[in-house]
Amino acid sequence: METKQVEWFSEIMKSTETKSKAEIPDHLKLRLDAIPNEYGVYSFVFPIRTVYMAVASFTLLITINMLAIRNNNQQNKKETYLDSEYFSYLNQL
Amino acid sequence: MTDFEEIEGLKQGNERSFQMLLDAYSKNVYNLCLSILQNQEDAEDTTQEIFIAVFLSINEFKGESKLHTWLYRIAVNKCQECIRKKNRKKRFSFLNRIDSSENANLIPSFLHPGIELENKERASILFSAIARLPENQKIAFTLHKIEGITYEEAAITMNLSLSSIESLMFRAKQNLKKTLGEYHKNNEL
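Residues numbered from 1 in each chain as written. Chains lettered and ligands numbered in written order. Predicted model: local features only at pLDDT ≥ 70, side-chain atom pairs only at ≥ 80, totals over all residues. Heavy atoms only, no water.

So, the overall build of chain A
For step 1, the next point in the chain: Helices and strands together make up the secondary structure of chain A, namely 4 helices and 0 strands.
For step 2, the next point in the chain: Each helix and strand of chain A, placed in order from N terminus to C terminus, yields the pattern α-α-α-α.
For step 3, the next point in the chain: Looking at chain A as shown, the accessible area adds up to about 8100 Å², and 62% of this sits on carbon and sulfur atoms. (Helix = DSSP H or I, 4+ residues; strand = E, 2+ residues; numbered from the N terminus. Areas by Shrake-Rupley, 256 points an atom, 1.4 Å probe, with all protein chains shown as cover.)

Below is the structure:
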């Protein structure tokens, strides 16, 4: 029984020894041949994630700038109002 | 054309050099993927991914190893990625979990197109047993026993030492003996 199992195991292990190389299917050959055209220098495409990240960064940058400008304008207005009030009070003296 | 000329042409984006690379290695790479992944569709997709990676990263090849060893290393990495992706999908799929518990009895399912007709059944049992090995043992065993790559090249390809490959092979054989022994007992062959 044991010998039979050993023989069977050895046959199983030998079953791939005479394996030949499988041929590449034609559709895969076409896909491989197309790689230089699809991924060549002139057809380089940015990954969509990079594009989204760039757009998000620009949007954030513009928003921060706009908030900063608005804040600055408001502060300037406030300062102008306080200055004019102060000076007008001095004028009255 | 020598390896060196081929690489120089590839680095310059030469389409003819890429075609020569495909002629020389695509069949080997496809067969390696087929043996590791044991699924024709996955092997086809992974082969394409490997050659895209080679085309895009050929400038990173420094010539410290042979071109085909570098190519096999990319192939093994891509196959491992594919296996992990599939395992992740399986882990999150309740139905697949039930399915895999039913498959615990070693059901031969993969028929390698390069195996002779008389050996198909036996090879199918062997491939099923290989599929149940831990990832590194599976790859080492497939590289050496199925694809005929030497221990030295397998060590470079898997980025491991020679002794690690020997140990992986030893454990793979032990595990295969155990799995196939159980199969033999259960099926009373």
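A word on the interface of chain A and chain B
One frequent convention defines the size of an interface as the accessible area lost when the parts assemble.
For step 1, the next point in the chain: Across the boundary between the two partners, chain A contributes 27 residues, which contact 42 residues of chain B.
For step 2, the next point in the chain: Each partner contributes to the roughly 3300 Å² buried at the junction of chain A and chain B, and carbon and sulfur atoms together form 66% of this total.
For step 3, the next point in the chain: Our count for the chain A to chain B interface comes out at 5 salt bridges.
For step 4, the next point in the chain: Remark: the boundary between chain A and chain B carries 13 residue pairs in polar contact (both at pLDDT 80 or more).
For step 5, the next point in the chain: Breaking the side of chain A that touches chain B down by element, the ones donating at least two residues are α1 (2–14), α2 (26–33) and α3 (35–39) of chain A.
For step 6, the next point in the chain: Broken down by element, the side of chain A that touches chain B gets its largest block of residues, 7 residues, from α1 of chain A.
For step 7, the next point in the chain: Across the side of chain A that touches chain B, the residue classes break down as 12 nonpolar, 8 polar and 7 charged. (Contact = heavy atoms within 4.5 Å. Buried area = accessible area lost by both parts, 1.4 Å probe. Salt bridge = Lys/Arg side-chain N within 4 Å of Asp/Glu carboxyl O. Polar contact = N/O pair within 3.5 Å; in protein donor to acceptor, adjacent residues only side chain to side chain. Nonpolar A, V, L, I, M, F, W, Y, C, P; charged D, E, K, R; others polar.)

Some remarks on the domain arrangement of chain B
All names here are of chain B.
For step 1, the next point in the chain: The assigned domain composition of chain B is domain 1 (1–96) and domain 2 (114–189).
For step 2, the next point in the chain: Centre-to-centre, using C-alpha coordinates, domain 1 lies 21 Å away from domain 2.
For step 3, the next point in the chain: Domain 1 puts 13 residues into the contact, and the matching count from domain 2 is 17 residues.
For step 4, the next point in the chain: Summed over both partners, the interface of domain 1 with domain 2 buries about 1400 Å², with 59% contributed by carbon and sulfur atoms.
For step 5, the next point in the chain: Considering only the side of domain 1, the residues that lose the most area to domain 2 are Ser35, Gln38 and Arg73, jointly responsible for 34% of the buried surface there.
For step 6, the next point in the chain: Note that Glu135 is salt-bridged to Arg84, the shortest N-O span being 2.9 Å. (Domains from an automatic or database assignment.)

Some remarks on the confidence of the model for chain B
For step 1, the next point in the chain: Mean pLDDT for chain B: 86, with 87% of residues reaching 70 or above.
For step 2, the next point in the chain: Across the predicted assembly, pTM comes out at 0.74 and ipTM at 0.81. (pLDDT = per-residue confidence, 0-100.)

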